[in-house]
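# Results of the structural survey
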Amino acid sequence: MPNVTPTFLDQHQYSYCELEKYEAIYGENFISPGGMDTALEFIGLLDPRSGERVLDIGCGFGGSALLMAREYGARVHGIDLSANMVATAVRRCYEAGAEGSVSLEQRDCLELTANAEFDAVYSRDVFLHIHDKPKLYNTIHRALIPNGRLLFTDYACSNRAKSAGFLEYVEQRGYHLLRIEQYVDGLTAAGFTDIIAEDRSAQLLRIHERELTTIETDPTVNSIAGDFAELWRTKIARIRSGEHRWPMIRAKIPA
Ligand SMILES: C[S@@+](CC[C@H](N)C(=O)[O-])C[C@H]1O[C@@H](n2cnc3c(N)ncnc32)[C@H](O)[C@@H]1O
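Residues numbered from 1 in each chain as written. Predicted model: local features only at pLDDT ≥ 70, side-chain atom pairs only at ≥ 80, totals over all residues. Heavy atoms only, no water.

### Thoughts on the site of the ligand
Quick reminder of the rule: Put simply, a residue is near a molecule or strand once any heavy atom of it comes within 4 Å of that molecule or strand. N or O atoms within 3.5 Å of each other form a polar contact, as long as, within protein, one can give a hydrogen and the other can take it, and as long as residues adjacent in sequence are counted only when both atoms are side-chain atoms. Accessible surface area values rest on a Shrake-Rupley calculation with a 1.4 Å probe, where residue burial reflects the displayed protein chains alone. Two kinds of site are reported from a 1 Å grid over the protein atoms alone, namely cavities, where a 1.4 Å probe fits but cannot get out, and pockets, open sets with protein on both sides within 12 Å along at least five of seven lines, and residues are called lining when an atom falls within 4 Å of a point. Pocket occupancy is defined atom-wise: a molecule lies in a cavity or pocket when more than half of its atoms are within 2 Å of its grid points. The nonpolar class holds Ala, Val, Leu, Ile, Met, Phe, Trp, Tyr, Cys and Pro. Asp, Glu, Lys and Arg form the charged class, and all remaining residues, Gly among them, are polar.
The full set close to the ligand counts 20 residues, and Ile31, Ser32, Gly58, Asp80 and Asp108 are the nearest of them. The contact in question runs from an oxygen atom of the ligand to an N or O atom on the side chain of Ser32, over 2.6 Å. Separating a nitrogen atom of the ligand from a backbone N or O atom of Leu81 is a distance of 3.2 Å. The fraction of the free accessible surface of the ligand (600 Å²) that becomes covered by protein chains is 96%. The cavity that encloses the ligand is the largest cavity. The class makeup of the residues in the shell around the ligand is 10 nonpolar, 5 polar and 5 charged.

### Remarks on the pairing of strand β7 (residues 247-252)
Note the threshold: At least two DSSP bridges between two strands are required for those strands to pair. We count a stretch as a helix when DSSP gives it H or I for four or more residues in a row; a strand needs E for two or more, and each element gets its number in order from the N terminus.
Judged from the 5 bridges that link them, strand β5 (residues 144-153) and β7 form a sheet pairing that is antiparallel. Across the sheet, Leu150 pairs through a bridge with Ala251, a residue of β7. One ladder, built from 5 bridges, connects strand β6 (residues 193-199) with β7; its direction is antiparallel. Among the inter-strand pairings, Asp199 is bridged to a residue of β7, identified as Pro247.

The structure is reproduced here in structure tokens:
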């Protein structure tokens, strides 16, 4: 199956109507589990230094890009395939006065032509949308300078056979999920080194449980995203059963 198109994203999973619900749950400027708290944790592990150039692949509303610029003094380039995401990110960066340190572009990361331009690549829960993983690894490898660093989280599957419900969910959204070991093998084959792959599924479970409580008990969140409660219950069940995993992977390219 080919990679998803901007239209597919903008009219389905990331329509403005759905994005309003995700943001109500994840928190302002974030469309990924744990919102700002997990972003701060993972950005801390990437540890961007002042003036470093960071590429945020699938930047969404720009929450992480803004944090890397504001808290670490990084110069961030955020790219995203979805027009809705980029339009919102541009507005949020303008409102935050971050245009000097964050640039944004609507672009498929597989079409990135950057060559040794970035000190670090950061990506949160994006690669699930990308089917051609070898091309993705090669594109990131080319974009990084020698000794450049990569950190990403993603949805992954396991050795277990996928349940019918999980298969349908993956199919409907056009996801392409790997097992954590497949990421390690693919990155190794593409020339990455120092690969650290952590299974953060237990953390994802705690995050989603907390978010479900918010959906159920916070009247504002419930009025916007109450119909996502069932989706969250299903996600929680799949993480508990072990079929849905959440790796956090770090790697480098050689000097
Ligand atoms: C779950 S959202 C995460 C957004 C953001 N990283 C965050 O943490 O808030 C996944 C993002 O990946 C983007 N995306 C999907 N396929 C992409 C591609 N081929 N190139 C760039 N971005 C892509 C989507 O448009 C969406 O914004």
